[in-house]
Amino acid sequence: MPTLVFPKVRSSLSVQAKRLVAMRFLIYTGFQTSYFIGVIGTLTYADDASVVATSLAVLFMNVFVILGSFAGGAALDAWGPRHHFLLSIVGTLATGTAIIAFGSATGVVLLGAVFLGFTMGFAQPIATSYPAYLTDDPVELKDINSAIAMFSNVSIIVGPTLGGFVAAAASSRAVFVLMMLFTVLAFVVGWGFRPQTSHVAGDADADSAEEGERAGQSSNPSTSARATFAASIKTVFTNSVLALLFCIIFLSNFGYGAFDPLESFFYRDVLHVGVEWMGWLSSASGVGAVLGAVLALRLPPHLVNLKTLLVALMSVGLGSLLYVGTPYVGVALVGQIALGIAWGVVNPLHNTIVQTTAPLEQLGRVNSVMGFGNMFAGVAPLAIAPWLAATFGVQQTLIGAGMVVTAVPAALLLFGRRHFDRAARQ
């Protein structure tokens, strides 16, 4: 199927959109080589750390992803995509260098999780906000977001697979060398990126007025320049679509918070496989996510809405239950592909809805607010994940988390229809 769709993607996107897709693919592949294997894998296999230690690593990463996303959103809105991208490159290279040089003990690996989380969060606007700097056409935005999601999901195949081979041949910390190599390649590709619309602080041009009109906001550039995070929070919660989207993603991801600190123990103690399988099973999810992004690319415009997003999120939960429901690695592989397909639909839908709803001059910070809800939903369960695993077992806790991920969107679909219809009319 991808061989039939990729030519369509290449022919339908502008040159700058293709460059953006490549930039995101390369820097995200670098992150995918390193996060799961380099941090969680090192703690679980090399340092023989406890569930508490891995939970702390995920907690630190998630908290600093949130802080990094706020910093990245502010940098994007203040200085524009090109300066934001350069800062993302510098931060990622500095983080990789520090972890390689000093990350030889549990405490230092946890500190590395802090820096890696911040840089990952800081770079998030590349996928979530940059497309709106290229076009304001909803159909073209969906195509760009689907292409970004498609190749980001290829990253989930390529990154962990390469990371798994490097970890098997050398060590789990060696994957950070791969991260830095992919980051350098992203910098080379991104050097020629030229956004067509710039809302840097202090700009006063026709594009500002045009985009302000598009968002239904004041086109006064000085007002845009002085927009604060408080204004962006107000934008999210006074807009019915954005407010509903925030709540949907928060509630649906709440159950997923137990997965990150427990998955490595599920591999080791339930599936009885080595650290390299952390990369290879993650790659299976990426295969599914590519197929999901292809599906999102083919969605007609009238299905780009909150109801379709809920169906996709419910499918993520069902795939999760298949993934963790047995002690067989073959079944886990199929489950990873299934939940990957659903995630491949969720991400471009989410990003397109935000980009076509939020004011462009606040888009970086609005996406930071949305990302905060997403990440905080993953942080909250970390406080009880070790206790649940000790009381009920790792696999049972993961099955319970998958049930939450499934049940929340199903309940919202059953009982929230009136709110979605009202939001669609506004």
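Residues numbered from 1 in each chain as written. Predicted model: local features only at pLDDT ≥ 70, side-chain atom pairs only at ≥ 80, totals over all residues. Heavy atoms only, no water.

Participant: Sorry if this is basic, but what is going on with the overall build of the chain here?
Facilitator: When its secondary structure is counted, the chain shows 20 helices and zero strands. Split into buried and exposed, the 426 residues of the chain put 56% on the buried side. Residue pairs at least 24 apart in sequence account for 86% of intrachain contacts in the chain once pairs closer than 6 positions are excluded. Accessible surface computed for the chain: about 16,400 Å², of which carbon and sulfur atoms make up 69%. (Helix = DSSP H or I, 4+ residues; strand = E, 2+ residues; numbered from the N terminus. Buried < 20%, exposed > 50% of the residue type's maximum accessible area, 1.4 Å probe, protein only. Contact = heavy atoms within 4.5 Å. Areas by Shrake-Rupley, 256 points an atom, 1.4 Å probe, with all protein chains shown as cover.)

Participant: Hey, could you run me through the pattern of salt bridges in this one?
Facilitator: If charged atoms from side chains of opposite charge come close, those side chains can pair. Applying the stated criterion across every chain yields a total of three salt bridges. The closest approach of N and O atoms between Arg365 and Asp77, which form a salt bridge, is 2.5 Å. Placement of the pair is Arg365 in helix H17 (residues 363–379) and Asp77 in helix H3 (residues 51–79), with a sequence separation of 288 residues. For Arg365, a relative accessible area of 7% puts it in the buried group. Among the residues examined, Asp77 registers a relative accessible area of 6% and is labelled buried. (Salt bridge = Lys/Arg side-chain N within 4 Å of Asp/Glu carboxyl O.)

Participant: So what exactly am I meant to see when it comes to the nonpolar core here?
Facilitator: Most often, soluble globular proteins keep nonpolar side chains buried together rather than apart. Membership of the largest hydrophobic core comes to 102 residues, with the highest contact counts inside it found for Leu20, Val39, Leu116, Phe266 and Tyr267. The element contributing the most residues to this core is helix H2 (residues 15–46), with 13 residues. Contacts of Leu116, omitting those with residues within four sequence positions, involve Phe31, Tyr35, Val39, Met61, Thr95, Phe176 and Met179. (Core = buried A, V, L, I, M, F, W, Y, C linked by side-chain atoms within 4.5 Å.)

Participant: Would you take a moment to explain the packing of helix H4 (residues 81–102) against helix H8 (residues 175–190) for this structure?
Facilitator: How two helices pack is summed up by the angle between their axes together with the distance between the axes. In the contact formed by H4 and H8, the axes pass within 9 Å of each other and the chain directions differ by 160°. As the angle between them shows, H4 and H8 are arranged roughly antiparallel. Considering how the two elements wind past one another, H4 and H8 form a crossing that is left-handed. Contacts between H4 and H8 involve Arg82, Phe85, Leu86, Ile89, Thr92, Leu93, Gly96, Thr97, Ile99 and Ile100 from the former and Phe176, Val177, Met179, Met180, Thr183, Val184, Ala186, Phe187 and Gly190 from the latter. (Axes fitted to C-alpha atoms, helices over the stretch in contact; angles between N-to-C directions. Parallel < 35°, antiparallel > 145°, perpendicular 65-115°, else oblique. Left-handed = near helix turned anticlockwise from the far one by under 90°.)

Participant: How do you make sense of the environment of Gly190 when you look at a structure like this?
Facilitator: Mapping Gly190 onto the fold places it in helix H8. By relative accessible area, Gly190 is classed as buried at 9%. Each C-alpha atom of the pair Gly190 and Met23 lies 5.7 Å from the other, and the pair is 167 residues apart in sequence. In contact with Gly190, not counting residues within four places along its chain, are Met23, Arg82 and Phe85.

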